[in-house]
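Residues per chain, in single letters:
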Amino acid sequence: MNKLILAAGLFALAPLLSSTADAAERGARGELVYQIVKKWGPHVQETYRTDMNAWAKNMGQSFAKAPMSSLQAAADAPSFDSMNVALSGQKKLAAGAEVTPMALGDAATDLVFVPVTPCRLFDTRLAGGAIAANTVRSFDVTAVSDYSFQGGSASNCGGVGAAGSFAAAVINFTVVTPSGAGYITAFPFGGTQPLASNVNYTAGAVVANLATVALDQGASANEVSVYTFAQTHLIGDIVGYFINPAATALACQDTADTVTNVAAGATANSVAPACPAGFTQTATNCESSTWQMPFVFFSGGTCSAQNNSASAATLRSSRTCCRVPGR
C-alpha cells in the first residue's frame, strides 16, 4: 500500500498513528489501530470504493471505545467481516448454529421472598388443644382460604393461602405456658426432625422467636410439623414466604426497520429504532435492496453502506432486543 495514503488515513485518527511513528510512539492501542487500518484500508478502498481517509475517520469512535481484547481480535481477524464482528463485541456463530437460551433460576436455592402483613396461621388455644410432651403436631400453611379451623385468621392471610405451593415460610412461633422447660423444633411435614430448636422455654413462660422453615411441597394437606419437649400451647404468625422462581427463557424481538434511501454511487448511514424499555440490544440487523450495496460497518444499531448500483436503492436497519421476563 502507498505509504502516503496510509499516513493520510491514520492522520485522520491521531498524529501518533502516522506511518512514520514507531510502535513506542503509537502506544499499545495506537499500534493495534495502525495494524487494522494498514491491513484493511486498501480492502475498503478497492472493494467498497470508499476513501480510506473517510473510513478511518468514521471508525475512530469504534477504535477509541473498543476494549483492547477486541482490538487485538480485529487486528488478527482473517476476514473483513470477522474484523467488524470483533470490533462490535458480537460473537459470530458457526454455520448452522442456533441460539438456545438457558432457563434462569434454580428451584432449589434461588427463592424469591414475598413479605406479608403478619397474620395468624394457627393457635392451639382455640383449636386442637395443647400439644402433648414429646409429640409432633402438623399444620396447614398453603392452599387455605380460611385458617380458623386450626385457630388462625378467618381469611387466607392476605393471599398466603392463595399463593399455591411455596418452598418456605417465615413464621413467628410463640410458646404459651408450657408445663416445663424445653424447646420446640419446626421442620417440613413428613421430613426428619432436625437436632435443633426454634424456641427455648421455661415452665409457664410466654416466649416467641422468628424462624424460616422449609415446607413440604407434596400432595399432603399439611406443610409444617412442630415437635415440643414439654406440653405447651403454640401460636404461629406468618410474616412472609419464599416462592420458587419461575424459570424463564430469554425473550427477544426485532424493532421496526429504519428505511434509508441511497442514491446511486452514494453512501449512507441508517440508524435503527431504539430497543423498548427493559430490553437490551443483542444484534444489529442490516439489509439492502441490491446486492451491489455492501456494508462497510454495522454496530450499535447503525448500518453503513455504499450503493454501487446504477440506480437508487434502500438500506434498512433494525435491532434485535432481548430481556429475561422473570416473574
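Residues numbered from 1 in each chain as written. Predicted model: local features only at pLDDT ≥ 70, side-chain atom pairs only at ≥ 80, totals over all residues. Heavy atoms only, no water.

Let us look at the overall build of the protein chain. Each helix and strand counted, the protein chain has 6 helices and 15 strands in total. Counting over 327 residues, the protein chain shows a buried share of 42%. Look at the contacts in the protein chain between residues 6 or more apart in sequence, and 71% of them connect residues 24 or more apart. By element, 55% of the accessible surface of the protein chain is carried by carbon and sulfur atoms, the whole surface being about 16300 Å². (Helix = DSSP H or I, 4+ residues; strand = E, 2+ residues; numbered from the N terminus. Buried < 20%, exposed > 50% of the residue type's maximum accessible area, 1.4 Å probe, protein only. Contact = heavy atoms within 4.5 Å. Areas by Shrake-Rupley, 256 points an atom, 1.4 Å probe, with all protein chains shown as cover.)

Moving on, we get to the sheet that holds strand E11 (residues 267-271). Strands sit in the order E11-E14-E13 across an open sheet of 3 strands; the sheet is antiparallel. Of all strands in the sheet, those with a lone pairing partner are E11 and strand E13 (295-299), marking the two edges. When the angles between neighbouring strand axes are averaged without regard to direction, this sheet yields 10°. Of the pairings in the sheet, the one linking E13 to strand E14 (residues 302-306) comprises 4 bridges and is antiparallel in character. Looking at E14, one finds that Phe-298 is bridged to Cys-303. (Pairing = 2+ DSSP bridges. Axes fitted to C-alpha atoms, helices over the stretch in contact; angles between N-to-C directions.)

With respect to the helices, strands and loops of the structure, Ser-304 is situated in strand E14. Apart from the residues lying within four places of it in its own chain, the contact partners of Ser-304 are Ala-268, Asn-269, Pro-294, Phe-295, Val-296 and Phe-297.

One can find Arg-316 in strand E15 (residues 313-323). If near-sequence neighbours (up to four positions away) are discounted, Arg-316 is found in contact with Asp-257, Thr-258, Val-259, Ser-270, Asn-285, Cys-286, Glu-287, Ser-288, Ser-289 and Cys-303. Within the local environment of Arg-316, its side chain forms a polar contact with the side chain of Thr-314, the two groups lying 3.0 Å apart. (Polar contact = N/O pair within 3.5 Å; in protein donor to acceptor, adjacent residues only side chain to side chain.)

Considering all chains together, one arrives at 4 disulfides under this definition. Across the disulfide, Cys-252 is cross-linked to Cys-322 (sulfur-sulfur distance 2.0 Å). Every disulfide takes its handedness from the sign of the S-S torsion; for Cys-252 and Cys-322 that torsion is 110°, giving right-handed. Of the two residues, Cys-252 is situated in strand E9 (residues 251-254) and Cys-322 in strand E15; the sequence distance between them amounts to 70 residues. Owing to a relative accessible area of 45%, Cys-252 belongs among the partly exposed residues under this scheme. By relative accessible area, which is 8% here, Cys-322 ends up buried. (Disulfide = S-S within 2.5 Å.)

Right, let's talk about the pattern of salt bridges for a bit. Inspection of every chain in the model, using the stated rule, returns 4 salt bridges. Residue Glu-287 is joined to Arg-316 by a salt bridge in which the shortest nitrogen-to-oxygen separation is 3.2 Å. Of the two residues, Glu-287 is situated in strand E12 (residues 280-288) and Arg-316 in strand E15; the sequence distance between them amounts to 29 residues. The network of salt bridges with shared partners includes Arg-120, Asp-123, Arg-125 and Asp-237. (Salt bridge = Lys/Arg side-chain N within 4 Å of Asp/Glu carboxyl O.)

Enumeration over the complete set of coordinates arrives at 6 aromatic pairs. Their ring planes at 25° and their centres at 4.5 Å tell us that Phe-166 and Tyr-241 sit as a pair that is stacked. Of this pair, Phe-166 sits in the loop between strand E2 (135-139) and strand E3 (168-176) while Tyr-241 sits in strand E8 (residues 233-243), and the two are 75 residues apart along the sequence. Judged by its relative accessible area of 0%, Phe-166 falls in the buried class. An angle of 50° between the planes, with centres 5.8 Å apart, marks the rings of Tyr-183 and Tyr-227 as tilted. Within this pair, whereas Tyr-183 is found in strand E4 (residues 182-188), its partner Tyr-227 is found in strand E7 (residues 224-228), the two being separated by 44 residues in sequence. Judged by its relative accessible area of 27%, Tyr-183 is partly exposed. Cluster of aromatic residues (ring-pair linked, three or more members): Phe-122, Phe-139 and Phe-173. (Phe/Tyr/Trp six-rings, centres within 6.5 Å; stacked < 30°, edge-to-face > 60°.)

Attention now moves to the sheet that holds E7. Sheet strands associate in pairs through backbone hydrogen bonding, adopting either a parallel or an antiparallel arrangement. The antiparallel open sheet is built from 4 strands, whose spatial order is E2-E7-E4-E5. Single-partner strands in this sheet number two, and they are E2 and strand E5 (199-201). With direction set aside, neighbouring strand axes in the sheet form an average angle of 20°. For E4 and E7, the ladder comprises 5 bridges, and the chain directions are antiparallel. For Phe-187, the partnering residue across the bridge sits in E7 and is Ser-225.

Time to look at the nonpolar core. Side chains of nonpolar character tend, in soluble globular proteins, to be buried together. If you look at the biggest cluster of nonpolar residues, it comprises 30 residues, and the most contacted ones within it are Leu-121, Val-160, Phe-166, Phe-173, Ile-184, Leu-234 and Ile-238. Elements supplying a minimum of two residues to this core: strand E1 (112-123), E3, E4, E5, strand E6 (206-214), E7 and E8. With residues up to four places along the chain from it excluded, the contact list for Leu-121 reads Val-141, Tyr-147, Gln-150, Gly-152, Cys-157, Ile-171, Gly-236, Asp-237 and Ile-238. In terms of nonpolar packing, the next biggest core, distinct from the first, is built from 21 residues, Val-33, Ile-36, Val-44 and Phe-80 among them. (Core = buried A, V, L, I, M, F, W, Y, C linked by side-chain atoms within 4.5 Å.)

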